[in-house]
Amino acid sequence: MNKLKVAIVGGDLRFVRLAQILSSKNFDVAVYGLCHPDIPDEVTICSSISELKHYPFIIGPIPFSKDGKCIFTPMCNSYVSVEQFFLAATHSYVLGSVLSSQMCKLFEQHHIAYCDIMKMDEIAILNAIPTAEGAIQYAMQNSEITLHNSKCLVLGFGRCGKILAQKLLALGADVSVEARSTKDLAFISTYGYKPIPLYELKSYLNEFDFIFNTIPIKLLDNTYIDLFNPEVVYIELASAPGGIDIDYCQEKGISYIPAPSLPGIVAPKTAADILYQCLLLTLRNQGAIL
Ligand code: NAP
C-alpha cells in the first residue's frame, strides 16, 4: 500500500516531534524550513520549496506567519515567503494555524484548500492544557510569591481561559475571571471563581498579583494600565498583537511577560501528539483515510 504523503513546513520543536511521530507511523514525510538533529533519517529534507508540490497534505507552523509575509520558521535560518509557498502548494490541502483574515483571503485567491486548525475546538481545547501549564510556569518563574493564596485574574473565558482558571484554582489561587457574556459570568461563579463583567473590569484591576490575558484584541490601554497594582505580573497569552499597550507597560515599569507558542516550548511532545490527532481528523474529513 502507498504511504500517505505529508509535508511539514516551518514550526518549532513540536513539529520536529510530529515528524518523528509521522515517520514512526509509516507516513511518507517531508520537511521544509525545519532543521533539527532529531529529524529521522527516513524523513525527506526538501532542498527547494517546489518539492512540496509532491505532497497532497501540508501542515504549516503555529502561527502560520507572524508578519503576513513569511512563514514562521524559528528552527531554520531560511526565509520562506508566503507567496513562494502558495506557488508550491497549489494542489495541496494546507493545515494552517492562527490565520489572519488577510491570510485566509490569500489562500482563497490562490485557490488552495485549507483549514485553520486553531479554529477546530477538538484541537484548540487540548492545546489549551499545555498553554495553561506553560502560563503557570511563566508566572512562577517571574514572581517572588506563590500562586497559592495569590490573587489571579484571567481575562477571557474561552478555551484557554477556562482551563487556566481551573488549574489556578487547583493550585490554591484566589481566581477572578473576566467575561463579557452573562452566560459565561454565570458559569464562572458556579465553578467557584469571582466573576468580573468586562464593563466593571476597571474597578477591580488594582487587586491582582497576576493577570493572564487570553482576549485576542488590544483592550488594555493606558486607562486600564494606570489602575494595575505596580507589582503585578502580566502574562500575555493572546496571539500578536496581544491585549495590552506594551510600550506603556514598559514606561510604567509593569512586569509584562510575553508567552507565545507555549505548547511548543513547554510540552513539544504533547503538542505534537495533539497535532497528530488533528492531522488524522483532517485526513479522515478529506477522505484520505477511513
Ligand atoms: P477563544 O476560545 O476564542 O477565547 C477568546 C476569549 O476572548 C473569549 O472569552 C472571548 O469572549 C474573548 N474575547 C474575544 N474578543 C473579545 C472582545 N472584543 N472583547 C472582550 N472579550 C473578547 O480563544 P482561545 O482558544 O482561548 O485563545 C485565546 C488567545 O490565545 C488567542 O489569541 C490564541 O491565538 C492564543 N493562544 C495562545 C497560546 C500560547 O501559547 N500563548 C496557545 C493557544 C492559544 P466571547 O466568548 O464573549 O467572544
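Quantities reported herein were computed from a predicted structural model and do not represent experimental measurements.

Asker: Hey, could you run me through the layout of surface pockets in this one?
Answerer: Picture a little ball the size of a water molecule; that probe, rolled over the atoms, points out where space is still empty. Of the voids in this model, the largest pocket is the one considered here, and its volume is about 1600 Å³. Considering the residues around the largest pocket, the lining is formed by 50 residues, among which Val98, Pro216, Leu237, Ala238 and Ser239 are closest to the centre. Of all the secondary structure elements, the ones that give two or more residues to the lining of the largest pocket are α4 (121–141), α5 (159–170), β8 (174–179), β12 (255–258) and α10 (262–266).

Asker: What is the right way to read the sheet that holds strand β2 (residues 28–32) from this model?
Answerer: Sheets are built from strands that pair by backbone hydrogen bonding, the pairs being arranged parallel or antiparallel. With respect to topology, 6 strands assemble into an open sheet ordered β3-β2-β1-β4-β5-β6, the strand pairing being parallel. Each edge of the open sheet carries a strand with a single partner, namely β3 (44–45) and β6 (113–116). Of the strand pairs in this sheet, strand β5 (residues 93–96) and β6 are connected by 4 bridges, and their pairing is parallel. Looking at the pairing, Val94 lines up with Tyr114 of β6. In this fold helix α1 (residues 13–24) packs onto β1 (5–9), β2 and β4 (57–59), with an angle of close to 170° to the strand it touches most, β1. Contacts between helix α11 (residues 268–285) and the sheet are confined to β1, β4, β5 and β6, with β5 contributing the most and set at about 145° to the helix.

Asker: Just to check I follow, could you spell out the packing of aromatic side chains for this structure?
Answerer: Each aromatic ring pair is specified by the distance between its two centres and by the angle formed by the two planes. Tallied over the full model, the rule gives 13 aromatic pairs. Between Phe64 and Phe85 the ring centres are 5.5 Å apart and the planes differ by 70°, which places this aromatic pair in the edge-to-face class. Placement of the pair is Phe64 in the loop between β4 and α2 (82–88) and Phe85 in helix α2, with a sequence separation of 21 residues. Taken together, the ring pairs in this structure connect Phe64, Phe85, Phe86, Phe107 and Tyr114 into an aromatic cluster. Seen from the ring of Tyr55, Lys5 lies directly overhead, with NZ or CZ sitting 4.9 Å from the centre. When the ring centre of Tyr224 is taken as reference, the NZ or CZ atom of Lys202 above it lies at 4.6 Å.

Asker: Explain the packing of α1 against α11 here, please?
Answerer: Angle between the axes and distance between the axes are the two parameters that describe a pair of packed helices. Contact pair α1 / α11: the axes reach a minimum separation of 8 Å and the direction vectors enclose 60°. Regarding the angle of α1 to α11, the classification is oblique. In terms of crossing hand, the pair formed by α1 and α11 is right-handed. Counting all contacts with α1, which are made through Leu13, Arg14, Phe15, Arg17, Leu18, Ile21 and Leu22, the residues of α11 involved are Pro268, Lys269, Ala271, Ala272, Asp273, Leu275, Tyr276 and Leu279. The residue inventory of the contact of α1 with α11, partitioned by class, reads 11 nonpolar, no polar and 4 charged.

Reading the values: the criteria
Each chain carries its own residue numbering, running from 1 in the written order of its sequence. The predicted nature of this model means local features are confined to residues of pLDDT at least 70 and side-chain atom pairs, given and counted, to a pLDDT of 80 or more, with totals for whole chains, interfaces and linings taken over all residues. Hydrogens and waters are ignored; side-chain quantities use all the structure's heavy atoms. Here a cavity denotes a set of grid points, spaced 1 Å apart and computed over the protein atoms alone, in which a 1.4 Å probe fits but from which it cannot get out, and a pocket denotes an open set meeting protein on both sides within 12 Å along at least five of seven lines; residues with an atom within 4 Å of a point are reported as lining. Grid points are joined across faces, edges and corners, and a volume is the space filled by probe spheres set on the points. For helices the rule is a DSSP run of H or I covering at least 4 residues; for strands it is a run of E covering at least 2, with both sets numbered from the N terminus onward. Pairing between two strands requires that DSSP report at least two bridges joining them. Here a residue-residue contact requires only that any non-hydrogen atoms of the pair lie within 4.5 Å. Only C-alpha atoms enter the line fits that serve as axes; for helices the fit covers just the stretch in contact. Angles between N-to-C directions range over 0 to 180 degrees. Centres within 6.5 Å make a pair out of two Phe, Tyr or Trp rings, where for Trp the six-membered ring is used; the pair is then stacked when the planes are under 30 degrees apart, edge-to-face when over 60, and tilted otherwise. Any Lys NZ or Arg CZ found within 6 Å of a ring centre and within 35 degrees of that ring's normal is scored as a charge over the ring. Reported orientations rely on four angle classes, namely roughly parallel under 35 degrees, roughly antiparallel over 145, roughly perpendicular from 65 to 115, and oblique for the rest. It is the rotation of the near helix from the far one that decides the hand of a crossing: anticlockwise by less than a right angle makes it left-handed, clockwise makes it right-handed. Residue classes follow a fixed rule: Ala, Val, Leu, Ile, Met, Phe, Trp, Tyr, Cys and Pro count as nonpolar, while Asp, Glu, Lys and Arg count as charged, and any other residue, Gly among them, counts as polar.

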